[in-house]
Amino acid sequence: MIDINAEPFAFTAKIDHIALIVIDMQRDFAEPGGFGESLGNDVSRITKIVPDVKRLIEGFRKAGLPVIHTMECHRPDLSDLPPAKRDRGNPSLRIGDDGPMGRILIAGESGTAILPELAPINDEVVIEKPGKGAFYATDLGEILQKRGITQLVFAGLTTEVCVQTTMREANDRGYECLLAEEATESYFPEFKAAAIAMIRAQGAIVGWTAHVDDILEAINA
Ligand code: TIU
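Just so it is clear, the model here is predicted, and its values are computed rather than measured. (Residues numbered from 1 in each chain as written. Predicted model: local features only at pLDDT ≥ 70, side-chain atom pairs only at ≥ 80, totals over all residues. Heavy atoms only, no water.)

**Student:** Looking at this model, I keep getting lost on the sheet that holds strand E10 (residues 208-210). Mind explaining?
**Tutor:** Sheet strands pair via backbone hydrogen bonds, and the direction of the pair is either parallel or antiparallel. On the basis of which strands lie adjacent, the open sheet formed by 6 strands has the order E7-E4-E3-E8-E9-E10 and parallel pairing. This sheet does not close on itself; its edge strands, each paired only once, are strand E7 (125-129) and E10. When the angles between neighbouring strand axes are averaged without regard to direction, this sheet yields 25 degrees. The pairing of strand E9 (residues 176-185) with E10 spans 3 bridges and is classified as parallel. The residue of E10 that forms the bridge with Ala180 is Ala210. Packing against the sheet, helix H3 (residues 50-62) makes contact with strand E3 (18-23), strand E4 (67-72), strand E8 (151-157) and E9, and its axis sits at approximately 150 degrees to E3. Along the sheet, helix H5 (residues 140-147) contacts E3, E4, E7 and E8; its crossing angle with E7, the most-contacted strand, is approximately 155 degrees. (Pairing = 2+ DSSP bridges. Helix = DSSP H or I, 4+ residues; strand = E, 2+ residues; numbered from the N terminus. Axes fitted to C-alpha atoms, helices over the stretch in contact; angles between N-to-C directions. Contact = heavy atoms within 4.5 Å.)

**Student:** Explanation requested: the site of the ligand in the structure shown.
**Tutor:** As a structural note, the neighbourhood of the ligand is formed by Asp24, Phe29, Phe35, Leu39, Glu72, Lys132, Leu157, Thr158, Val161, Cys162 and Tyr187. The side chain of Glu72 places a nitrogen or oxygen atom 2.9 Å from a nitrogen atom of the ligand. Thr158 is positioned with one of its backbone polar atoms (N or O) 2.8 Å from an oxygen atom of the ligand. In isolation the ligand has 290 Å² of accessible area, and contact with the protein removes 93% of it. For the ligand, the cavity whose grid points lie within 2 Å of the majority of its atoms is the largest pocket. Tallied by class, residues from the shell around the ligand come to 7 nonpolar, 1 polar and 3 charged. (Near = heavy atom within 4 Å. Polar contact = N/O pair within 3.5 Å; in protein donor to acceptor, adjacent residues only side chain to side chain. Areas by Shrake-Rupley, 256 points an atom, 1.4 Å probe, with all protein chains shown as cover. 1 Å grid on protein atoms, 1.4 Å probe; cavity = no way out; pocket = protein on both sides within 12 Å on 5 of 7 lines; lining within 4 Å. Sits in = over half its atoms within 2 Å of the grid points. Nonpolar A, V, L, I, M, F, W, Y, C, P; charged D, E, K, R; others polar.)

**Student:** Help me out: how do you make sense of the state of the cysteines in this one?
**Tutor:** Covalent bonding between the sulfur atoms of two cysteines defines a disulfide. All chains considered together, the criterion is met by 0 disulfides. Between Cys73, a cysteine without a disulfide, and Cys162, which holds the nearest cysteine sulfur, the sulfur-to-sulfur distance is 11 Å. With no disulfide of its own, Cys177 lies closest to Cys162 among cysteine sulfurs, the gap being 15 Å. What makes Cys177 buried here is its relative accessible area of 0%. (Disulfide = S-S within 2.5 Å. Buried < 20%, exposed > 50% of the residue type's maximum accessible area, 1.4 Å probe, protein only.)

**Student:** Whenever I open this one, the environment of Asp98 confuses me. Can you help?
**Tutor:** Here Asp98 is to be found in strand E5 (residues 98-99). For the pair Asp98 and Arg200, spaced 102 residues apart in the sequence, the C-alpha separation amounts to 40 Å. In contact with Asp98, other than residues within four places in its own chain, are Leu93 and Arg103.

**Student:** Would you mind going over helix H6 (residues 159-172) with me for this structure?
**Tutor:** Because an α-helix completes one turn every 3.6 residues, residues spaced three or four positions apart along the sequence face the same direction. Here H6 contains 14 residues, and its C-alpha end-to-end distance of 18 Å stays within 8% of the 20 Å for a straight helix at 1.5 Å per residue. Buried within H6 we find Thr159, Glu160, Cys162, Val163, Gln164, Thr166, Met167, Glu169 and Ala170. Remark: Gly174 follows H6 within two positions and exhibits a positive phi of approximately 95 degrees. (Expected span 1.5 Å × (residues − 1).)

**Student:** Would you mind going over the pairing of E7 with me for this structure?
**Tutor:** Successive residues of a regular strand alternate their side chains across the two faces of the sheet. On E7, burial follows the alternation: Val125, Ile127 and Lys129 on one face are buried, whereas Val126 and Glu128 on the facing-out side are not. Bridge count for E4 against E7 is 5 bridges, and the pairing is parallel. Pairing of Ile68 across the sheet is with Val125, part of E7.

**Student:** For this particular structure, what's the right way to read the environment of Asp77?
**Tutor:** Tracing the backbone shows Asp77 in the loop between E4 and helix H4 (83-87). For Asp77, a relative accessible area of 57% corresponds to the exposed category. Sequence separation between Asp77 and Glu58 is 19 residues; the distance between their C-alpha atoms is 35 Å. Here Ser79 takes part through its side chain, which lies 2.7 Å from a polar atom of the side chain of Asp77.

Function-wise, these values are silent; they only describe arrangement.
What follows is the structure, encoded as structure tokens:
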């Protein structure tokens, strides 16, 4: 067991039971013409975290620890897309519509892919999820249970939407959750700051937060 310098207090990492989960680092959220922009967001902030997400992923790989990737996406026939999600916010392009990078947020389309710098390698698990949380309508829980994972380090997009939703789902299922602060981003800097504050408030009510350097130092010790 190794203590990681974290807020609101040290996170005691159990190295045989910890995994990195990288949430939705997809072109659709990071590049012009994708789902994020169709909702009216300025996507230019998002790619700035790629180097920090990359070194976190590489640190876990170097330590021989599991890296799990998620992708928010839907089946080509849209059978897993509730109309309420498709129509919410009256986006300029709806999920399933043809965009400049292929059909918006549809499995297998080039715009839905994980950014090439952060692409999964070898046998890393990739979870395709139709919701904001990665446990809803996926086999993530079973996969973690079979591997004996009880602690999750979180990175990815966006802090207050899919990252926070998945952290809350995981926390309720008994996982200890640690968010890597520089390896997550929001379209709204104030929402990122608020999400970090609310996650670690009340004695880590949802989980801990830590800097990428402190996480890497501990897992590679
Ligand atoms: N819109 C937004 O902030 N996020 C999403 O729709 N999905 C994820 O956070 N991945």
